[in-house]
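Coordinate inspection notes
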Amino acid sequence: MIFWQEGGVCAPKGFKANGVHCGIRKNKSKKDLALIVSQVPAAAAAVYTTNLVKGAPILVTQENLSNGTAQAMVCNSGNANTCNANGVEIAQGMCRLVEETTGISASDVIVASTGVIGQPLSLEPIASGMPSLAQGLHDHGSREAAYAIMTTDTILKEAALSFQIGGVTCSIGGICKGSGMIHPNMATMLAFLTTDAAVSPSLLQKALKETVNETFNMISVDGDTSTNDMVSMMANGMSGAPAIETDGTPEYKTFVTALKYVCTALSRDIAKDGEGATRLIKCTVTGAASAADAQKAARSVASSTLLKAAVFGADANWGRVLCALGYSGASLDPHKVDVTFGSLAGSVQVCKNGSGLDFSEETAKEILLADEIAIEITLHDGAASATAWGCDLTYDYVHINGDYRS
């Protein structure tokens, strides 16, 4: 059984967190430095942006996780530390500061940054803020850390749940940030996950990659793949549950199921909090020939700029759904496609076998004015399915990104 719980990244045993304002951001009321630590060394895994331009923290984290272990995660907001000549030096310096204030080896630190690209980042404010950050670590600090990694986000994003392995209760918790520049291809969206289950590094990497492909990689706000996208996870085994060391076992499947629940919740929060967004779009594709085809089709529709604009205007322009399916790269027969728009206000089928149906524009508009919109697509080509999440595209998105650096 899986049960939702409070606590975010501190829900699993042995994890503490904190967030402070150290001075990177001009607004002193906004936290800009976060730290998450495990009481003991943990198995660690991460997936990273596929953008060829990568933030320096990505490079340092990749090196630090080469042995599959970590004990801390540190992240600053307000500056991406990307395209900086001394970026690697700064990222390494952040790891050393964690070592100096917590005793955790610098090589066991996952480091991340988010914010403006191409802006020099000084280590000075981070050095001044790290002592209070470390001293303030506590087992209810997930929210402080979650606030500290936010940039244009308008809501805090955290989730946690419990499940059982070998009769022992375990937990998975997570926090994330992301509102704009969201079109992950991973493996400026960041997610930090923790668990007190015992999982080998190789299986943790496998589980995380599989989960990311079905959750974080199935969201899109604006079609931009960030230079700093990263999802990382630590598993410290402090629940005392039997270790998960073999793929395909019931214990492994339970762990992956729980992980997907958490990552799905966080992914939806990111899509719903898209910059300037007023509506969440949930696109579900069923009847696909393969899982890959279902994912391609669902993600293409959820990512369509024209479809996003139509949802903003509450316009049931279903032709944009067919258009996005056509260039998705998925194997499908456009003459067999059915499309339905739905929300809490009801549902209306607008397309059957690739052709339009008579429907009430007034009813469709009422449905599309709801906060969460469901686009249900049936391909009639097989048994595979997938879901992608997106949001509408509004005037405010342009306003936010027109003066992002000011």
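Details of the structure are given in the entry above.
Counting from 1, residues in each chain are numbered in the order their sequence is written. Only residues with pLDDT of at least 70 get local features here, since the model is predicted, and only at 80 or more are side-chain atom pairs given and counted; chain-wide, interface and lining totals rely on the full set of residues. The side-chain numbers reported here are obtained from all heavy atoms of the structure, hydrogens and water having been left aside.

1. A few points about the overall build of the chain
Quick reminder of the rule: Put simply, DSSP H or I for four residues or longer makes a helix, DSSP E for two residues or longer makes a strand, and each gets a number counted from the N terminus. The globule rule used for comparison is 2.2 Å times the number of residues to the exponent 0.38, while the radius of gyration itself is calculated over C-alpha atoms. By the counting scheme adopted, Arg and Lys are positive, Glu and Asp are negative, and His together with the chain ends is not counted. The atoms used to mark charge sites are NZ of Lys, CZ of Arg, CG of Asp and CD of Glu.
When its secondary structure is counted, the chain shows 11 helices and 16 strands. Computed over C-alpha atoms, the radius of gyration of the chain comes to 21 Å, within 12% of the 22 Å expected from 2.2 N^0.38 for 406 residues, which places it in the range of a compact globule. Projected onto its principal axes, the C-alpha coordinates of the chain cover approximately 70 × 55 × 35 Å. Seen as two clouds, the 28 positive and the 39 negative side-chain charges of the chain have centres 2 Å apart.

2. Focus on helix H2 (residues 87-102)
Where we set the bar: Helix span, expected: 1.5 Å multiplied by one less than the number of residues in the helix. Accessible area is worked out with a 1.4 Å probe on protein chains only. A residue is then buried under 20% of its type maximum, exposed over 50%, and partly exposed in between. By definition in these notes, contact holds between two residues if any of their heavy atoms fall within 4.5 Å.
Look at H2: 23 Å from first C-alpha to last across 16 residues, which is about the 22 Å you get at 1.5 Å a residue. Taken together, the buried positions of H2 are occupied by Gly87, Ile90, Ala91, Gly93, Met94, Cys95, Leu97 and Val98. In this fold, the buried residues of H2 make contact with strand E3 (33-48), helix H1 (56-64), strand E4 (69-77), strand E5 (109-114) and helix H3 (124-135). Just downstream of H2 lies glycine 103, where phi reads positive at about 85 degrees.

3. Focus on empty space enclosed by the protein
The method is simple in principle: a probe with the dimensions of a water molecule rolls over the atoms, and the space it marks as empty is what remains. Where we set the bar: The rule is simple: put a 1 Å grid over the protein atoms alone, call a set of points where a 1.4 Å probe fits but cannot get out a cavity, call an open set with protein on both sides within 12 Å along at least five of seven lines a pocket, and count a residue as lining if it has an atom within 4 Å of a point. Grid points are joined across faces, edges and corners, and a volume is the space filled by probe spheres set on the points. When residues are grouped by polarity, Ala, Val, Leu, Ile, Met, Phe, Trp, Tyr, Cys and Pro land in nonpolar, Asp, Glu, Lys and Arg in charged, and all others, Gly among them, in polar.
Approximately 40 Å³ is the volume attributed to the largest cavity. Lining the largest cavity are Leu307, Ala310, Val311, Asp315, Ala316, Asn317, Phe341, Leu368, Ile373 and Ile375. Breaking the lining of the largest cavity down by element, the ones donating at least two residues are helix H8 (305-312) and strand E15 (372-378). Looking at side-chain class alone, the lining of the largest cavity contains 8 nonpolar, 1 polar and 1 charged residues.

4. Examining unusual backbone geometry
What is expected of a backbone is that most residues other than glycine have negative phi and most peptide bonds are trans. If you check the backbone angles, asparagine 81 has positive phi at about 50 degrees while not being a glycine. Examined against the element boundaries, asparagine 81 turns out to sit in the loop between E4 and H2. Residues other than glycine seldom take positive phi values, yet alanine 314 does so here, at roughly 55 degrees.

5. Regarding the nonpolar core
Going by this rule: By convention a nonpolar core is built from buried Ala, Val, Leu, Ile, Met, Phe, Trp, Tyr and Cys residues, the set being connected through side-chain atoms within 4.5 Å.
Counting 75 residues, the largest nonpolar core has Phe255, Val339, Ile375 and Ile377 as its most contacted members. The element that contributes the greatest number of residues to this core is helix H6 (residues 250-272), accounting for 10 residues. Setting aside residues up to four positions removed in sequence, phenylalanine 255 forms contacts with Phe163, Ile165, Ile172, Thr195, Ala197, Val199, Leu204, Ala207, Met233 and Ile244. Within the second largest apolar cluster, 27 residues are counted, among which are Ala44, Cys75, Leu156 and Met230.

6. Some points on the sheet that holds strand E14 (residues 355-356)
Just so we agree on the cut-off: The rule for pairing is simple: two strands pair if DSSP sees at least two bridges between them. Geometry is summarised by axes, namely lines fitted to C-alpha atoms with helices restricted to the contacting stretch, and by angles between N-to-C directions that run from 0 to 180 degrees.
On the basis of which strands lie adjacent, the open sheet formed by 7 strands has the order E9-E16-E11-E15-E12-E13-E14 and mixed pairing. Pairing within the sheet leaves two strands with one partner each, and these edge strands are strand E9 (219-220) and E14. Taken strand by strand, helix H7 (residues 291-303) contacts E9, strand E11 (280-288), E15 and strand E16 (384-391), and its axis lies near 20 degrees from that of E16. The strands that H8 touches are E9, E11, E15 and E16; relative to E11, the one it contacts most, it runs at about 125 degrees.

7. Points about the pairing of strand E6 (residues 158-165)
Buried residues dominate E6, accounting for 7 of its 8 residues. Judged from the 2 bridges that link them, strand E1 (residues 3-4) and E6 form a sheet pairing that is antiparallel. Looking at the pairing, phenylalanine 3 lines up with serine 162 of E6. Pairing geometry for E6 and strand E7 (residues 168-177), over 8 bridges, is antiparallel. The residue of E7 that forms the bridge with leucine 161 is isoleucine 172. Here E6 folds back onto E7, and the loop between the two strands holds 2 residues, one of which, glycine 166, carries a positive phi near 60 degrees.

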